[in-house]
Amino acid sequence: MIAVSQNLKGLFIGAGFFSRNHLHAWAEVEGAEIAAICDRDPQRAEAAAKEYGIAEWGTDAAMLQSGRFDFVDICTTMETHEALIALAVQAGVPVIVQKPMAPDLATCLRIEAQARAAGVPVMLHENFRFQKIFRRLREILSSGEIGEVTFGRLNWRNDIDVYTNQPYLIETKRFMIMDVGIHMLDLARYLLGDASEVSCFNQSVKEGIAGEDAATMLLRHDNKAVSVVDVSYASHKSPNLFPQTLGEIEGRLGTVEILEGQVLRIHTAAGRRDEVLAADGRSWTSEPWTQIQDSVPRTQQHFIDCLRSGRDFETSAGDSLKTYALAEAAYCSAATGRTVAIAELVKEF
Ligand code: NAD
Ligand code: 89Y
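Cut-offs used in this document
Residues numbered from 1 in each chain as written. Chains lettered and ligands numbered in written order. Predicted model: local features only at pLDDT ≥ 70, side-chain atom pairs only at ≥ 80, totals over all residues. Pairing = 2+ DSSP bridges. Helix = DSSP H or I, 4+ residues; strand = E, 2+ residues; numbered from the N terminus. Axes fitted to C-alpha atoms, helices over the stretch in contact; angles between N-to-C directions. Near = placed C-beta within 6 Å. Nonpolar A, V, L, I, M, F, W, Y, C, P; charged D, E, K, R; others polar. Domains from an automatic or database assignment. Contact = placed C-beta atoms within 7 Å. Parallel < 35°, antiparallel > 145°, perpendicular 65-115°, else oblique. Left-handed = near helix turned anticlockwise from the far one by under 90°. UniProt positions renumbered as here; feature names shortened; annotations may be inferred. Buried ≥ 20, exposed ≤ 12 C-beta atoms within 10 Å, placed from the backbone. Arc of directions from axis to C-beta.

Under an unreviewed UniProt entry, the protein has the name Gfo/Idh/MocA family oxidoreductase and belongs to Pseudogemmobacter faecipullorum.

**Student:** An account of the sheet that holds strand β2 (residues 32-38) is needed here, citing residue identities and associated values.
**Tutor:** Reading across the sheet, the six strands line up as β3-β2-β1-β4-β5-β6 and stay open at both edges, with parallel pairing between neighbours. Of all the strands in the sheet, the pair left with one neighbour each is β3 (56-58) and β6 (122-125). Direction aside, the axes of adjacent strands within the sheet are offset by 25 degrees on average.

**Student:** Describe in detail the sheet that holds strand β11 (residues 246-251), supporting the description with residues and values.
**Tutor:** The strand order across the open sheet built from nine strands is β14-β13-β12-β11-β7-β10-β9-β8-β15, with neighbouring strands paired in mixed fashion. Each edge of the sheet is formed by a strand with only one pairing partner; in this case those strands are β14 (271-276) and β15 (340-341). Of the pairings in the sheet, the one linking strand β9 (residues 214-221) to strand β10 (residues 226-232) comprises seven bridges and is antiparallel in character. Residue L218 lies in a different strand from β10, and its bridge partner there is V228.

**Student:** How would you sum up the site of ligand 2? Please name residues and give values.
**Tutor:** Neighbouring residues of ligand 2: I160, V162, Q166, D179, V180, H183, P243 and I292. With three residues, the single largest contributor to the shell around ligand 2 is helix α7 (residues 176-192). Each residue belonging to the shell around ligand 2 can be placed in one class, and the counts come to five nonpolar, two polar and one charged.

**Student:** Please set out the environment of T80 residue by residue, giving values where relevant.
**Tutor:** When you line up the elements, T80 lands in the loop between β4 (71-74) and α3 (81-91). In the structure, T80 is positioned 265 residues away from L345 in sequence and 24 Å away in space, judged by C-alpha atoms.

**Student:** Give me the domain arrangement of the protein: which residues, what numbers.
**Tutor:** When cut into domains, the protein gives domain 1 (8-127 + 300-315) and domain 2 (129-291 + 323-344). Spacing between the C-alpha centres of domain 1 and domain 2 amounts to 25 Å. Of the residues lining the interface, 15 residues belong to domain 1; the matching set on domain 2 comes to 14 residues. When its residues are assigned to classes, the side of domain 1 that touches domain 2 shows seven nonpolar, five polar and three charged.

**Student:** Tell me about the site of ligand 1, and name the residues and values.
**Tutor:** Taken together, the neighbourhood of ligand 1 is formed by 26 residues, with G14, G16, F17, F18 and Q98 sitting nearest. Here the shell around ligand 1 is built from residues that sort into 11 nonpolar, nine polar and six charged. When residues of the shell around ligand 1 are assigned to domains, at least three map to each of domain 1 (8-127 + 300-315) and domain 2 (129-291 + 323-344).

**Student:** So what's going on with the packing of α7 against helix α9 (residues 317-336)? Residues and values would help.
**Tutor:** Look at α7 against α9: their axes get within 9 Å of each other, and the N-to-C directions meet at 125 degrees. Looking at the two axes, α7 sits oblique to α9. Where α7 crosses over α9, the handedness of that crossing is right-handed. Contacts between α7 and α9 involve I177, M178, G181, I182, L185, D186 and R189 on the former and, on the latter, K322, T323, L326, A327, A330 and Y331. Tallied by class, the residues present in the contact of α7 with α9 amount to eight nonpolar, two polar and three charged.

**Student:** Requested: an account of the UniProt feature "domain: GFO/IDH/MocA-like oxidoreductase" (unreviewed entry) in the protein, with residues and values cited.
**Tutor:** The UniProt record marks residues 134-255 with the feature "domain: GFO/IDH/MocA-like oxidoreductase" (unreviewed entry), using the residue numbering of this structure. Split by type, residues 134-255 is 25% helix and 34% strand. Its first and last C-alpha atoms lie 15 Å apart.

**Student:** Summarise the UniProt feature "domain: Gfo/Idh/MocA-like oxidoreductase N-terminal" (unreviewed entry) in the protein; cite the residues concerned and give the values.
**Tutor:** Mapped onto this structure's residue numbering, the UniProt feature "domain: Gfo/Idh/MocA-like oxidoreductase N-terminal" (unreviewed entry) falls at residues 11-124. As annotated, residues 11-124 has a helix share of 39% and a strand share of 21%, and its two end C-alpha atoms lie 16 Å apart.

**Student:** Hey, could you go over helix α2 (residues 42-51) for me, with residue numbers and the actual values?
**Tutor:** Every buried residue belonging to α2 is among A45, A48 and A49, and all of these are buried. Buried residues along α2 cover an arc of 105 degrees about the axis, so they all sit on one side. Of the exposed residues in α2, those oriented more than 90 degrees away from the buried face are Q43, K50 and E51. Against the buried residues of α2 lie α1 (19-28), β2 and β3. Where α2 terminates, the next one or two residues include G53, which has phi positive at roughly 65 degrees.

See the structure below:
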């Protein structure tokens, strides 16, 4: 627990494509502020410092070790996370780090073990579960209205030109499952509970990319519920459905459909009703990104609230190992053509 009356002071690392959402969000978060920004590209670091009124900028993440920071927000791509988190762990600085934690489960396990041994809290910036629609859906499920959950379907299928904003994805070998599949696997656990077995088929539909751009996963959850999780950047529809996650959750007493336009349709013996989730109306958000952008301040506020109160993060590195194990199992299943049990990959968490 960090019990101080002043704002916690953060170092922000990685002034690339997605950083503007974090930086706008940090200006809203209560109890924290960004004191310095770091990017190995000096122009990016300086420009972001100017735009967001951040007093200090630098190019070397070793500035983390100055003793002046209460937390670090790491918004770089996955290959850099292990080394950056190791710097934070050495300095004893709590971390919030963008998904994906790392390219493979072995690296995630190392990151988590080192942080745990040093007692340094690490949270994954897993913002999809902080979308309003999924917070509300979780409330409905927890209320018992549709009874024990038996089946789920979560799909993210669109053809957003992700390659222009995030060109590194063209060369990423573990692409779609790590990029958006990981959000869906986290959501599947959030809504249906932990899962123990995975089957998966991967597809590379677009030519010229190094990894898969579509994946269809089948999960067996611990309470025997089943879910189908499918993701694709090669699904052509008009209007483009980006960035909506659609699907349904079935329970013994009813069903909740997740429909286009941020609508939850609840079916129970009492009848059917729709709940429409409105955007928060921030000045810095814009379509089609609003649904994702609105979830970023909630994610960061959760990190700060937990740091201040000593509560566990919902998506701590330790908890998230269960999500990354599902992703690893999905790749293993796609490569071998068989169902993979999590117990084959990790003895216990
Ligand atoms: P990006 O490549 O545009 O930006 C990363 C920045 O980090 C670059 O400016 C790079 O110079 C800098 N950097 C890399 N290593 C560094 C180091 N060691 N020290 C200092 N600076 C360093 O990447 P992006 O598209 O902004 O994505 C960043 C992360 O955010 C990725 O992991 C991506 O998957 C994730 N992301 C999440 C969401 C979401 O909704 N949660 C959306 C988009 C991207
Ligand atoms: O990289 C993806 C993510 O994590 O959320 C949206 C995104 O930026 C593009 O689909």
